[in-house]
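Each chain, letter by letter, is given below.
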Amino acid sequence: MRPLSLALLLAAAAALGLTATFMAVTQSRGMDAVHSGAWTGWPRSGTTQADPYARAAFARSGELPIELADGLLFLATKDNGGAPLDGRCDIRIVGQLPQARVWTLTVMDEDGRLIANDAHRYGFTSNEVVFRPDGAVDVALSPKAQAGNWLPTGGRARVKVALRLYDAPFSFSSATGESSALPSVQTERCP
Amino acid sequence: MSVLDFLSPVRRGRLLPRTARPQPLRRLRRAWDRLKAALPRQVLLPAAILVVLAGIVHLVTILAMPILAQNTAFHRLSQLAPANQMTLLPDATPADMTLPMTDPAFVTAVCLYDLRARPLRLRVPASEDYTSVSFYTARGVAFYALNDQAAGRVIELDLLSPAQRAALPEDEEITAADRLVVESPSERGIALIRAYARYPDLRPQIRRQLEAANCAPSN
């Protein structure tokens, strides 16, 4: 092989490998993703068993993942139908939550920043939210004020929702039945 | 399928349920055979070398990222928190978050520890609500956490490096005393203290309570 083509080959390999790394650290949070409806969780990212992709992604972003003994994060970037969450639409999150001492639901923009609004409302905690009589939650994400549990989305084209369950008794009960499913995320109306 | 079905094997330290692996492999193999038939050797060999080299570059950069990254949580916190001292972080706002993906419902304090000289003693009076302490190595790997329900009204523990832990006499009074000993896999790292504020107007009160928390080198 001639030196020129060898140099070209090496440069192409470096570019390809670095592109793959960039994609991995910006898109992924580890390889142990578990899915439940619209939600994705990475239970091992907050343990010493975190895989190299999770470690690389957190080192780059500067995030400290929640320790698994502390809590567990679930992210939703799409609704149950698979459509990306659009902050200009009315989105509803409805359903029962797994047993946990505390949970929080937070809306963020695409880059994970909180969305500024006059009410200074960025999410709900399990103490703030108004439950339905059957114990389910019903949260409305919308750019315009809604009755009930309203989270402003500021009309962002893309939003993501974080559900964090704290002190959830995952370790003790394997399958406690239907109450362990996560709420559904539905896009209702788009302008 | 529910979330818990997935989580129970993780907690017991086993692997997650295996997904169907052979399927994509077989497909890859078939694609490879087709490629070999379609392309001459002069193209195929450099292409194979390219893929292998790119794979090596990818794996090396992924593995090196935690060591080389300049914007890790430890770097960010070092800007505003001195070592072995409790520092309350500013509240997360849309304009500014000290660490990305911080839960805005929590009041957060950090203690960047350095165990090279001495072990660290940490004392956190729990607020009325959920309070937790989690530990991370300087490279951001979480290795231990406990909350107020597991620890009682005051979370009190000693953080030791592996060498300091090994030097600790087995049957010392320390183990008998009501103090928790935690071993840190690294000499430097982050203790993250988080206290839950169930309503935003409770934040000032919880901040004041968290001010009573402290961490300092012990004896």
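Residues numbered from 1 in each chain as written. Chains lettered and ligands numbered in written order. Predicted model: local features only at pLDDT ≥ 70, side-chain atom pairs only at ≥ 80, totals over all residues.

Helix and strand content of chain A: two helices and ten strands. Taking the principal axes of the C-alpha coordinates as reference, chain A spans close to 75 × 45 × 30 Å. Burial status across chain A gives 45% buried among its 191 residues. Expressed as a percentage of contacts within chain A between residues at least 6 apart in sequence, the contacts between residues at least 24 apart total 67%. (Helix = DSSP H or I, 4+ residues; strand = E, 2+ residues; numbered from the N terminus. Buried ≥ 20, exposed ≤ 12 C-beta atoms within 10 Å, placed from the backbone. Contact = placed C-beta atoms within 7 Å.)

We note that the domain assignment places domain 1 (1-32 + 49-66) and domain 2 (70-189) within chain A. If you average the C-alpha positions of domain 1 of chain A and of domain 2 of chain A, the two centres end up 31 Å apart. (Domains from an automatic or database assignment.)

Here the focus is the environment of T125(A). With respect to the secondary-structure elements, T125(A) resides in strand β6 (residues 123-125). It is 9.5 Å that separates the C-alpha atoms of T125(A) and R164(A), two residues lying 39 residues apart in sequence. With sequence-adjacent residues up to four places away left out, T125(A) is seen in contact with V102(A), T104(A), A105(B) and R198(B).

Turning our attention to the interface of chain B and chain A. Listed per partner, the contact involves 58 residues of chain B and 65 residues of chain A. At the level of elements, α1 (3-11), α3 (41-68), α4 (73-78), β4 (131-137), β5 (142-147) and β8 (188-196) of chain B are the ones that each hand at least two residues to the side of chain B that touches chain A. It is α3(B) that contributes the most residues to the side of chain B that touches chain A, 14 residues altogether. Tallied by class, the residues present in the side of chain B that touches chain A amount to 39 nonpolar, 13 polar and six charged. (Nonpolar A, V, L, I, M, F, W, Y, C, P; charged D, E, K, R; others polar.)

Residues and elements named next belong to chain B. Take L210: it is sitting in helix α8 (residues 203-211). C-alpha separation for the pair L210 and A83, spaced 127 residues apart in sequence, amounts to 18 Å. In contact with L210, not counting residues within four places along its chain, are L88, V107, A109, I193 and A195.

Turning next to the pairing of β8(B). All names here are of chain B. Across the nine residues of β8, eight count as buried, placing the element largely inside the fold. Pairing of strand β2 (residues 106-114) with β8 involves nine bridges; the strand directions are antiparallel. From the neighbouring strand, A109 faces β8, where its bridge partner is I193. Where β4 and β8 come together, seven bridges link them in antiparallel fashion. Opposite S134, over in β8, you have L192 as the bridge partner. (Pairing = 2+ DSSP bridges.)

Residues and elements named next belong to chain A. One can find S61 in helix α2 (residues 52-61). Residue classification places S61 among the buried positions, given that 22 C-beta atoms sit within 10 Å. C-alpha separation for the pair S61 and F124, spaced 63 residues apart in sequence, amounts to 25 Å.

Time to look at the sheet that holds strand β7 (residues 137-142) of chain A. Sheets are built from strands that pair by backbone hydrogen bonding, the pairs being arranged parallel or antiparallel. Residue and element names in this part refer to chain A. Across the sheet, which stays open at both edges, the four strands sit in the order β8-β7-β4-β10 with mixed pairing between neighbours. Edge positions in the sheet fall to β8 (149-152) and β10 (184-189), since each has one partner strand and no second. Direction aside, the axes of adjacent strands within the sheet are offset by 25° on average. Bridge count for strand β4 (residues 90-95) against β7 is five bridges, and the pairing is antiparallel. Looking at β7, one finds that I91 is bridged to L141. (Axes fitted to C-alpha atoms, helices over the stretch in contact; angles between N-to-C directions.)

The N-to-C vectors of α2(A) and α3(B) enclose an angle of 45°; their axes lie 8 Å apart at closest approach. The angle between α2(A) and α3(B) falls in the class oblique. Crossing geometry of α2(A) relative to α3(B) is assigned as left-handed. Facing α2(A), whose interface residues are P52(A), Y53(A), R55(A), A56(A), A59(A) and R60(A), α3(B) presents I62(B), L63(B), M65(B) and P66(B). Its residues assigned to classes, the contact of α2(A) with α3(B) shows eight nonpolar, no polar and two charged. (Parallel < 35°, antiparallel > 145°, perpendicular 65-115°, else oblique. Left-handed = near helix turned anticlockwise from the far one by under 90°.)

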